[in-house]
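Remarks on the overall topology
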Amino acid sequence: MADGTTTIDRLTPVTKRIDRAAIRLYAELTDDFNPIHVDPDFAAKTPMKGIIAHGLLSVNLLWQSVRRSLGEAAVSDATLDIRFLRPVREGDVVTAGGQRRSDGDGYDVWIDNQHGETVIAGLIRHGAGRAAS
């Protein structure tokens, strides 16, 4: 392709176990020490009933999937529109992936947990709303 991106039907899945160490490292990298992410006693008393991971910790897996599947150029000019559907909990194993849309306008993307529940879903497009072709 002229812009250096590749077209495929399915994005390469990327999986990660979200353990306490990963959550803590993400908190340190982003300086986001919200107690819902790092304080088990606090988190247990919230409606979440326990520690949850930072949402963007999981979203990073989508970017990894796109980069592995379509190359760096696809990441550098992509737009991502997502919804957070469920919390990712400490100990979850999450997998990011995607499927090229039938209209060719980008990829439907998702992150599922080990129970097959979608925790994040959305759409990624390349280059100001146009899909790689």
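Whatever comes next refers back to the structure up there.
Bear in mind the structure is a predicted one, so any value in this text is a computation, not a measurement.

**Description of helix 1 (residues 20-30)**
Among the residues making up helix 1, those that are buried are Ala22, Ile23, Tyr26 and Ala27. Projection of helix 1 onto a plane perpendicular to its axis shows the buried side chains occupying an angular sector of 135°, all on one side. Those residues of helix 1 that are exposed and aimed more than 90 degrees away from the buried face are Ala21 and Leu29. Where helix 1 ends, the next residue or the one after it, Asp31, has phi of about 60°, a positive value.

**Focus on unusual backbone geometry**
In this structure, Asp31 takes a positive phi of about 60° despite not being glycine. On the secondary structure map, Asp31 appears in the loop between helix 1 and helix 2 (35-38). For Asp31, a relative accessible area of 61% corresponds to the exposed category. A positive phi angle, close to 60°, is found at Lys49, a residue other than glycine. Positionally, Lys49 belongs in the loop between helix 3 (40-44) and helix 4 (55-70). Lys49 sits in the exposed class, given a relative accessible area of 67%.

Calculation criteria
- Residues numbered from 1 in each chain as written.
- Predicted model: local features only at pLDDT ≥ 70, side-chain atom pairs only at ≥ 80, totals over all residues.
- Heavy atoms only, no water.
- Buried < 20%, exposed > 50% of the residue type's maximum accessible area, 1.4 Å probe, protein only.
- Helix = DSSP H or I, 4+ residues; strand = E, 2+ residues; numbered from the N terminus.
- Arc of directions from axis to C-beta.

Scope: geometric values only; no functional claims are made or implied.
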